[in-house]
Every structure is written in structure tokens, then in C-alpha cells.
Amino acid sequence: MIIGPCFSTEGTGTDLRPQKSGADSPEPSCVSVKSSSSMIIDPFFSTEGTGTDPSLGGCYLTKNTCETLCSVLQSANSSLKELDLNNNDLQDSGMELLSIGLKSLHCKLETLILAGCKLTTNSCEKLASALQSANSTLKHLDVSNNDLWDFGVKLLSDGLKSSHCKLETLRLAICNLGEKACEQLASALQSLDSSLKELDLSNNDLQDLGVELLSVGLKSSHCKLETLRLSGCMVTDKGCSSLASALKSNPPHLRELDLTYNHPT
């Protein structure tokens, strides 16, 4: 289904790009815009078979939109599985509203993209609560380019350790993370209930010590990680040695390792 302030499926039925305003622009087929941060949503509109997922990235949305989306996620008729809200001014108050919908027994959302939404550590607490919910369905979460810091990742890690958590992909690029975040993530990877298969920590100041701490988690027999992205994390040959040791200890799982834009000698 489509959710958005200005999408059209006129023509081929697969064009989900925002339409420009003007006389030649078609009217939205399933939504009408009330303001830059509120909209009317038709939860029964379906794009099944189009092969294209809806996106609300960069649509000047605020927490008011999150209240509407929360209502959609709680609807018994909701079929929404992917929601892209990147680069909107949602802030922590918007995340708090969204998390209520994520915990609903009717929520079927599997992919949530919140990159660049001005979130802080407070949002991590709400996300962790949603991941720990018995109704959790999230498999892919992108919170890149937000000021989460190490403490935010500590809160998220509590959710990752939950037996209810189904998260397979976690993207934390450009989140002002350091070595303490790596320690918390390593603990999550060692958890018996860990389901994480892809972890993106690109462009954080992890350095060798952070990678060394993360490698402890990679060595665990419970670790299911297949893809690890550490591009631009200030890693040298010392950090690479820690990773090499982890790969020798637990070789079957990790298949992709990104160490571009680092400083191995």
C-alpha cells in the first residue's frame, strides 16, 4: 500500500515519486495533503505486484505525521511492511508515537528507515521497547545519521538481546559512536537470542579498541552476523588483526566485511 503526501500511481502503476505542483501535475490517487506535516491516508490502497515500495524520505514531515502513522500501524486492516521516513524532522517525540504503533498486535512492519530524523538516545529507549515487545515484527532498522552516541546503542542492545527481537539488519552509520558502543553490540551478538545478520557501523570513530571489543562478539558461537560494515572507522592493522582472529574462531557466518577508508599499514 501507499502512504505519502504526494504520490501517484497514474499510468504504469509503479511511479511512486513525488509529483511536482502545477497545472500539469496529476492529483494524488490515494492521499490528500492537509499541511506539510499532516496527511490523509488510505490504508486499503495496495501496490502489490508493482515491485516498488513507498517512501516518505525528505517530505518535511514532523511528529504530527507519526501520530497518523501510529494509527495506521495499529489498524486491524494494516498491511504495511516497509516504511521509509529518512531525512524528516521527526525527533524523539515522533519516535515515541511511532513506537506505540510498533508494539501493536496488528502491526506487520518489517522494515523501518529513520536515517537523518534528528533522533537522540531517548529514541533508542523507545525502539528497544518495541524490539522487546511480544508483537515485534521488525527485521530491518536503519537509524543512521542520528546523534545516538554510545549510550543510545547500549539501550538498543537491550532490545537486541530480547527473545522477542527478530531484527536481522541494523544500520548505525554516522551516529557518533565509539568503543563503548562496540562493547554493547558485542554483548548482543553473544546473546543466545541474537538474530542479527547485518551490522553497519560505517563512519564512526571506533578505532582499533572498538573493533577489538566487537571482535569478542564475532567469536561467539551464538553470533549469526553475515555482513559487517566498518568503512571509515579509523581502523589500522591492529584492528584488522583482531578481526582476523575472530574470523578464524568463527568462520562459517561472516561473508562480507567492509573495511574501506581505513588505515591498515
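Thresholds, definitions, all that
- Residues numbered from 1 in each chain as written.
- Predicted model: local features only at pLDDT ≥ 70, side-chain atom pairs only at ≥ 80, totals over all residues.
- Heavy atoms only, no water.
- Helix = DSSP H or I, 4+ residues; strand = E, 2+ residues; numbered from the N terminus.
- Contact = heavy atoms within 4.5 Å.
- Pairing = 2+ DSSP bridges.
- Axes fitted to C-alpha atoms, helices over the stretch in contact; angles between N-to-C directions.
- Parallel < 35°, antiparallel > 145°, perpendicular 65-115°, else oblique.
- Salt bridge = Lys/Arg side-chain N within 4 Å of Asp/Glu carboxyl O.
- Buried < 20%, exposed > 50% of the residue type's maximum accessible area, 1.4 Å probe, protein only.

### Some details on the overall build of the protein chain
Here is step 1 of the chain: Across its full length, the protein chain holds 7 helices and 9 strands.
Here is step 2 of the chain: Taking as baseline every contact in the protein chain between residues at least 6 positions apart, the subset at least 24 positions apart corresponds to 86%.

### Observations regarding the sheet that holds strand S5 (residues 140-142)
Here is step 1 of the chain: The 7 strands are arranged S3-S4-S5-S6-S7-S8-S9 in an open sheet whose pairing can be described as parallel. Edge positions in the open sheet fall to strand S3 (82-84) and strand S9 (256-258), since each of these has one partner strand only. Each strand axis lies, on average, 0° off the axis of its neighbour in the sheet, ignoring direction.
Here is step 2 of the chain: As paired elements, strand S7 (residues 198-200) and strand S8 (residues 227-229) share 3 bridges and run parallel to each other. Counterpart to Leu199 in the pairing with S8 is Leu228.

### Some points on the packing of helix H3 (residues 121-132) against helix H4 (residues 149-160)
Here is step 1 of the chain: Running from amino to carboxyl end, H3 crosses H4 at an angle of 5°, the nearest separation of the two axes being 7 Å. Taken as axis vectors, H3 and H4 run roughly parallel relative to one another. Where H3 approaches H4, its residues Thr121, Cys124, Glu125, Leu127, Ala128, Leu131 and Gln132 are matched on the opposing element by Phe151, Gly152, Leu155, Leu156, Asp158, Gly159 and Leu160.

### Let's talk about the environment of Gly94
Here is step 1 of the chain: Along the chain, the position of Gly94 falls in helix H2 (residues 91-102).
Here is step 2 of the chain: With 29 residues separating them in the primary sequence, Gly94 and Ser123 have C-alpha atoms 8.8 Å apart.
Here is step 3 of the chain: Sequence-distant contacts of Gly94, defined by excluding residues within four places in its chain, comprise Lys63 and Cys66.

### Details of the pattern of salt bridges
Here is step 1 of the chain: A full pass over the atoms with the stated rule returns 5 salt bridges.
Here is step 2 of the chain: For Glu96, the salt bridge is made with Lys126, and the minimal N-O distance between the two is 4.0 Å. Of this pair, Glu96 sits in helix H2 while Lys126 sits in helix H3, placing them 30 residues apart in sequence.
Here is step 3 of the chain: The exposure class assigned to Glu96 is partly exposed, which follows from its relative accessible area of 40%.
Here is step 4 of the chain: By relative accessible area, which is 28% here, Lys126 ends up partly exposed.
Here is step 5 of the chain: Connected via shared salt-bridge partners are Arg171, Glu198, Arg229 and Glu256.

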